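Working through the structure, step by step
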Amino acid sequence: MHAFATDPARGVFILVFLAIVIGGSLALFAWRAGTVGLGGSFTLVSREGMLLANNVVLIVAMASVLLGTLYPLFLDALDLGKISVGPPYFDAVFYPLLAPAVFLMGVGPITRWNRAAVPELAARLKWALAVALVSALLLPFVLGRWSPLISFGLFLALWLFAATAVNLWQRIKGSHRAGLWASLAANPAAYYGMLLAHFGVGLFIVGVTLVKGYEIERDVRLDVGQRVAVGPYEFAFLGVTPAPGPNYRALVGAVEVRRDGRLIETLHPEKRIYNASGQTMTIAAIDTGLAGDRYVSLGDPAGGDTAIAGAWGLRVYLKPFVDWIWLGAFVMALGGFVAVSDRRYRLAVRRRLGALVGAAAGE
């Protein structure tokens with residue numbers, strides 16, 4: 001977002017995009033406003049009730065983010081002072097609001113429409129709850145450190161995984177088709193889209209929980225040939241060499257990453273000095289893996305800007321399972337596309353278009 005300060009066109013693009021999305025949503029709501037409230041009644045403990053509660057929680061979470069984002073701007077615009085709202089506010093407000101929504105994601109798909117009984121839901125979900133609870137209590141010890149927040153985050157993710165598995169198993173068990181594949185094929189695409197989306201939310205929560213709970217950041221000063229141990233990895237600094245670029249001069253470092261003596265990767269962080277402006281930019285080197293990423297960035301030379309051959313400051317990060325955040329987002333989006341591809345929606349659109357064409361021809 002800081003690029004908007006030097007490139008206002010991007011801000012205009014985002015503004016137009018938001019206007020289209022929000023305006024289109026409001027237009028769709030206005031178009032269908034006459035049908036709102038025409039459905040049948042339902043109790044609070046029902047799938048409709050779960051969806052409604054989830055929507056309310058998501059709206060409150062959105063309002064909390066909007067408040068934290070815009071409140072400092074309002075104060076500044078009214079000359080009432082400058083304040084900064086940072087990660088502590090969002091961590092304290094946003095996460096507790098989303099926890100009930102995630103729990104309802106596991107309950108909602110198993111709940112009956114219109115009316116459901118709490119004892120029935122408890123009987124159908126007791127094993128999913130037990131597996132999620134026990135696993136969330138034990139897994140942090142296996143990963144190296146237990147804390148209440150890590151355990152709670154893992155519980156939410158494992159609860160989603162287990163409840164999704166129970167939902168699929170009960171669908172298969174209740175199917176009248178002969179054979180596993182026939183039972184799976186009997187379910188509509190929208191159902192599998194929902195499962196994928198919920199599974200993606202679980203992957204996202206795992207990524208956020210493990211990154212927040214187990215990330216390591218070290219600032220070190222190393223001479224050529226020196227090593228530093230960060231977590232299970234050993235980083236060896238091999239030195240810095242100058243390298244020309246198309247419109248900049250670069251200082252390229254070389255850092256070997258080893259685990260148990262085995263070379264994993266040689267990273268090449270850079271410092272670039274751009275010719276036109278003289279601005280210096282630090283380019284981190286990233287070794288990406290499914291179990292986590294390793295970042296290394298160059299700091300400043302110990303002997304001043306001209307002492308390239310001496311010791312350098314390095315910043316080393318370990319971000320375990322950070323790519324699961326992006327993987328979860330991708331799986332959620334994939335679930336949405338799968339759900340939209342359901343042929344029932346296409347047939348419904350065709351029927352509506354046919355009805356409109358027939359009405360126009362009759363006139």
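A brief structural summary. (Residues numbered from 1 in each chain as written. Predicted model: local features only at pLDDT ≥ 70, side-chain atom pairs only at ≥ 80, totals over all residues. Heavy atoms only, no water.)

**Observations concerning the overall build of the protein chain**
Each helix and strand counted, the protein chain has nine helices and 10 strands in total. Out of the 363 residues belonging to the protein chain, those deemed buried represent 33%. Contacts in the protein chain between residues at least 24 apart in sequence constitute 58% of all its contacts with a sequence separation of at least 6. Of the roughly 22,400 Å² that the protein chain leaves accessible, carbon and sulfur atoms contribute 69%. (Helix = DSSP H or I, 4+ residues; strand = E, 2+ residues; numbered from the N terminus. Buried < 20%, exposed > 50% of the residue type's maximum accessible area, 1.4 Å probe, protein only. Contact = heavy atoms within 4.5 Å. Areas by Shrake-Rupley, 256 points an atom, 1.4 Å probe, with all protein chains shown as cover.)

**As for the pairing of strand 9 (residues 292-301)**
Burial within strand 9 is extensive, with seven of its 10 residues counted as buried. Alignment of strand 8 (residues 285-287) against strand 9, held across three bridges, turns out to be antiparallel. Pairing of A285 across the sheet is with V296, part of strand 9. Where strand 8 hands over to strand 9, the hairpin turn is made up of four residues, counted between the paired strands. The sheet contact formed by strand 9 and strand 10 (residues 312-320) spans eight bridges and is antiparallel. Among the inter-strand pairings, R294 is bridged to a residue of strand 10, identified as L318. (Pairing = 2+ DSSP bridges.)

**Here's the deal with the nonpolar core**
Grouped together as the largest cluster of nonpolar side chains are 28 residues, with contacts concentrated most on W159 and I205. Where this core is concerned, the elements lending two or more residues are helix 3 (87-107), helix 4 (118-143), helix 5 (148-173) and helix 7 (189-214). Residue contacts for W159: discarding those within four places in its chain leaves V102, F103, G106, V107, L125, A128, L129 and A132. In this structure, V228, Y233, L251 and L298 belong to the second largest nonpolar core, which totals 19 residues. (Core = buried A, V, L, I, M, F, W, Y, C linked by side-chain atoms within 4.5 Å.)

**Some remarks on the environment of V206**
The residue V206 is located in helix 7 in this model. Residues within four places of V206 in sequence aside, it is in contact with A157, F161 and W324.

**As for the sheet that holds strand 1 (residues 216-222)**
The four strands lie next to each other as 1-10-9-8, forming an open sheet whose pairing is antiparallel. Both edges of this open sheet fall to strand 1 and strand 8, since each of them pairs with a single strand only. Averaged over all neighbouring strand pairs, the angle between strand axes comes to 20°, with direction disregarded. For strand 1 and strand 10, the ladder comprises seven bridges, and the chain directions are antiparallel. Bridge pairing in strand 10 links D219 to R315. Docked against the sheet, helix 7 engages strand 1 and strand 10, running at close to 140° with respect to strand 10. (Axes fitted to C-alpha atoms, helices over the stretch in contact; angles between N-to-C directions.)

**Describing the side chain of E48**
For E48, the position within the fold is in helix 2 (residues 47-77). Within the buried core, E48 has no salt-bridge partner, and the shortest N-O distance to an opposite charge, that of R47, equals 6.9 Å. Those residues within four positions of E48 in sequence are excluded, and the remaining contacts are F42, W113 and N114. (Lys, Arg positive; Asp, Glu negative; His and termini not counted. Salt bridge = Lys/Arg side-chain N within 4 Å of Asp/Glu carboxyl O.)

**Considerations on the packing of helix 3 against helix 7**
In contact at an axis separation of 12 Å, helix 3 and helix 7 are set at 145° when each is read in the N-to-C sense. At the point where helix 3 passes helix 7, the crossing takes the left-handed sense. Where helix 3 approaches helix 7, its residues D91, Y95, V102 and M105 are matched on the opposing element by H198, V201, I205, V208 and K212. Here the contact of helix 3 with helix 7 is built from residues that sort into six nonpolar, one polar and two charged. (Left-handed = near helix turned anticlockwise from the far one by under 90°. Nonpolar A, V, L, I, M, F, W, Y, C, P; charged D, E, K, R; others polar.)

**Thoughts on helix 3**
Here helix 3 is 21 residues long and its end C-alpha atoms lie 30 Å apart, about the 30 Å a rise of 1.5 Å per residue gives. Turning to helix 3, its buried residues are A99, A101, V102, L104, M105, G106 and V107. Looking at the packing, one finds that the buried side of helix 3 touches helix 2, helix 4, helix 5 and helix 7. (Expected span 1.5 Å × (residues − 1).)

**A word on the packing of helix 3 against helix 5**
Contact geometry of helix 3 with helix 5 gives a least axis separation of 8 Å together with a crossing angle of 20°. Classified by the angle between their axes, helix 3 and helix 5 sit roughly parallel to one another. Crossing of helix 3 over helix 5 shows left-handed handedness. Residues A99, V102, F103, M105, G106 and V107 of helix 3 form the contact with helix 5, whose own contacting residues are F152, L156, W159, L160 and A163. Of the residues belonging to the contact of helix 3 with helix 5, the class tally is 10 nonpolar, one polar and no charged. (Parallel < 35°, antiparallel > 145°, perpendicular 65-115°, else oblique.)

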